[in-house]
Amino acid sequence: MTLYDIPLRTLTGEPTSLAAYKGRAVLVVNVASKCGLTPQYEGLERLQQTYGDRGLTVVGVPCNQFGGQEPGSAEEIETFCSTTYGVSFPLLEKSEVNGENRHPLYTALTAHADAAGEAGDVQWNFEKFLISPDGEVVDRIRPRTEPEAPEVITAIEARLPA
């Protein structure tokens, strides 16, 4: 099974998968509306605007596992993201990223090590996973690293489709 085969649901409950983005670089980020890192939505949206036409898709995965910082319904999350940050990138249904109810997508993603060689559980909201256009996890970026940090931009630019 590849990342493209894992069944997902959009924030509105429609079936989807990462296969919808085959041939594109994808930045998967677990997001939350009431976190000190929530302003990272701004940088994520700028990445989508800057690189979307060049083959990047940011995908947000709301998660309430860290301090209960994403308590809202799908409608509340959608309204918050669109009105507060102008989010245009796709959002998936609220999911668990750690523990026994971890979504299968995150079982696959968390097997990938970060730059320090550490794999395993997501540390907090806004942990980022970069997936290459051929569906391989190629980078894991920890939560406090801003979406537009030089190392993130370099990684994205290296993985944009030719």
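You'll find the structure just up there.
Values in this document were obtained by computation on a predicted structure and should not be read as measured data.

**Q** Help me understand the side chain of Q48 in this model?
**A** Here Q48 lies in helix α1 (residues 40–51). When near neighbours in sequence (up to four residues on either side) are disregarded, Q48 contacts L56, T57, V58, S88 and F89.

**Q** Got a minute to help me understand unusual backbone geometry in this structure?
**A** The phi angle of most residues is negative, glycine excepted, and most peptide bonds adopt the trans form. Phi is positive for F126, which is not a glycine, with a value near 70 degrees. Tracing the chain through its elements places F126 in the loop between α3 (104–109) and β5 (128–131). What makes F126 buried here is its relative accessible area of 0%.

**Q** It is not clear to me how the environment of P62 should be interpreted in this structure. Could you clarify?
**A** With respect to the helices and strands, P62 occurs in strand β4 (residues 56–62). Note on P62: relative accessible area 0%, which makes it buried. Sequence separation between P62 and N30 is 32 residues; the distance between their C-alpha atoms is 5.6 Å. Beyond its immediate sequence surroundings of up to four residues, P62 is in contact with L11, V31, E70, I77, L92, E93, K94 and S95.

**Q** Explain the pattern of salt bridges here, please?
**A** Inspection of every chain in the model, using the stated rule, returns five salt bridges. Of the charged contacts, one joins E148 and R46 as a salt bridge, the two residues approaching to 2.7 Å between their closest N and O atoms. Of this pair, E148 sits in the loop between β6 (137–141) and α4 (150–159) while R46 sits in helix α1, and the two are 102 residues apart along the sequence. For D114, the salt bridge identified is with R142, shortest N-O distance 2.7 Å. Here the residue D114 occupies a position in the loop between α3 and β5, and R142 occupies one in the loop between β6 and α4, the gap between them amounting to 28 residues. Judged by relative accessible area, R142 falls into the buried class, the value being 13%.

**Q** Is there a simple way to think about the nonpolar core in this case?
**A** The tendency in soluble globular proteins is for nonpolar side chains to be buried as a group. Grouped together as the largest cluster of nonpolar side chains are 29 residues, with contacts concentrated most on L27, Y41, L44, L47, L56 and I156. Within the residue set of this core, elements represented by two or more residues are β3 (25–31), α1, β4, α2 (74–85) and α4. Once you skip the residues sitting within four places of it in the chain, L56 turns out to touch R24, A25, V26, L27, L47, Q48, Y51, I156 and L160. Core analysis: the next-biggest nonpolar cluster, separate from the first, contains 21 residues, L3, L8, F129 and I131 among them.

Reading the values: rules and limits
- Residues numbered from 1 in each chain as written.
- Predicted model: local features only at pLDDT ≥ 70, side-chain atom pairs only at ≥ 80, totals over all residues.
- Heavy atoms only, no water.
- Helix = DSSP H or I, 4+ residues; strand = E, 2+ residues; numbered from the N terminus.
- Contact = heavy atoms within 4.5 Å.
- Buried < 20%, exposed > 50% of the residue type's maximum accessible area, 1.4 Å probe, protein only.
- Salt bridge = Lys/Arg side-chain N within 4 Å of Asp/Glu carboxyl O.
- Core = buried A, V, L, I, M, F, W, Y, C linked by side-chain atoms within 4.5 Å.

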